[in-house]
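Observations on the model geometry
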Amino acid sequence: MKPVIEIKDLVFQYGKEALFDELSLSVGPGLYGLLGKNGAGKSTLLKIISGQLFPHSGSCLTAGEVPGKRKPEMLSEVFYLPEEITVPEIKGNMYVDLNAPFYPRFDRKQFEGFLELFEVPGNKKLTTLSYGQKKKFLIAFAASTGCPLILLDEPTNGLDIPSKSQFRQVAASMDLENQTMLISTHQVRDMEMLIDPVIIVDNGKIIMNSSMEDVMKAYHVEFTSEEPAPEEALYSEKVLGGWNVARKGPSPDASAIDLEFLFNLTIRKGGLK
């Protein structure tokens, strides 16, 4: 199966400062997490993938097309939901009537099910909804488009705790054998045990694009009551009662690696080799 996203040697800069320097990335079906420090370019990368920004050099193919050309056949295959949302002053059902035709796989029954899960009314004027309700409405719409590629930028920002749990249910219901959902987030606790594979961008490059299974085959975390010497561990963090220590090799008990710890480890080491 061809990658849904294929980026090679991409260079992008604001002014004279390069944000991406020969960045390469290949993404197939699955529920990916895009992680990075503030200013690493997560939102910019999503905009390049969806054709809203244009690389200075290198190449980017989205659903087999150059996204910057904004061809209708490509746009019908991709749904992008930005972090900062706006809604028109119309009722929710009219929003669906106006926008669903652009997505030939849109499933209205599925959409109504997601609205029910989110406890969001579908027949009220969108501008009268709370910010969280607006965001849940648009997430429900995005997840119902049936697009092979769904791009979500910080989708859990502005959601309360129950809504974040509902979002995880929606995301997990995607057809991940035939669809790709790429979630940019710094709220790694919200995405624990959901996003997999994990992509990490830092210093203009992709320094990790791996499944958690592959990570756990290569590394594990141990707890120790005493601080390890620098040469004894790849990376360590002080926690209540002791230290979490990263070491090479698979975990003896096959326990999962905390996503926040993995991010800090990867950033500190400049990637996992």
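Before going into details, it helps to say that this report is about the structure given with it. (Residues numbered from 1 in each chain as written. Predicted model: local features only at pLDDT ≥ 70, side-chain atom pairs only at ≥ 80, totals over all residues. Heavy atoms only, no water.)

1. Some remarks on the overall build of the protein
Within the protein, the regular secondary structure consists of 9 helices and 12 strands. C-alpha extents for the protein along the principal axes are approximately 60 × 45 × 35 Å. Partitioning the contacts of the protein with sequence separation of at least 6, the portion at a separation of at least 24 is 67%. (Helix = DSSP H or I, 4+ residues; strand = E, 2+ residues; numbered from the N terminus. Contact = heavy atoms within 4.5 Å.)

2. Considering the packing of aromatic side chains
One pass over the structure, following the stated rule, counts 11 aromatic pairs. Centroid distance F106 to F111: 5.9 Å. Interplanar angle 45°. Geometry classified as tilted. For the residue pair F106 and F111, the accessibility class agrees, reading buried in each case. (Phe/Tyr/Trp six-rings, centres within 6.5 Å; stacked < 30°, edge-to-face > 60°. Buried < 20%, exposed > 50% of the residue type's maximum accessible area, 1.4 Å probe, protein only.)

3. Examining the state of the cysteines
As enumerated under the stated definition, the model contains 0 disulfides in all. Between C147, a free cysteine, and C60, which holds the nearest cysteine sulfur, the sulfur-to-sulfur gap is 16 Å. (Disulfide = S-S within 2.5 Å.)

4. Things to note about the environment of L117
Looking at where L117 falls in the secondary structure, it is placed in helix α4 (residues 108-118). The class for L117 is partly exposed, based on a relative accessible area of 28%. Residues L117 and Q169, spaced 52 residues apart in sequence, show a C-alpha to C-alpha distance of 9.0 Å. Leave out the neighbours within four places in its chain, and L117 touches Q166, Q169 and V170.

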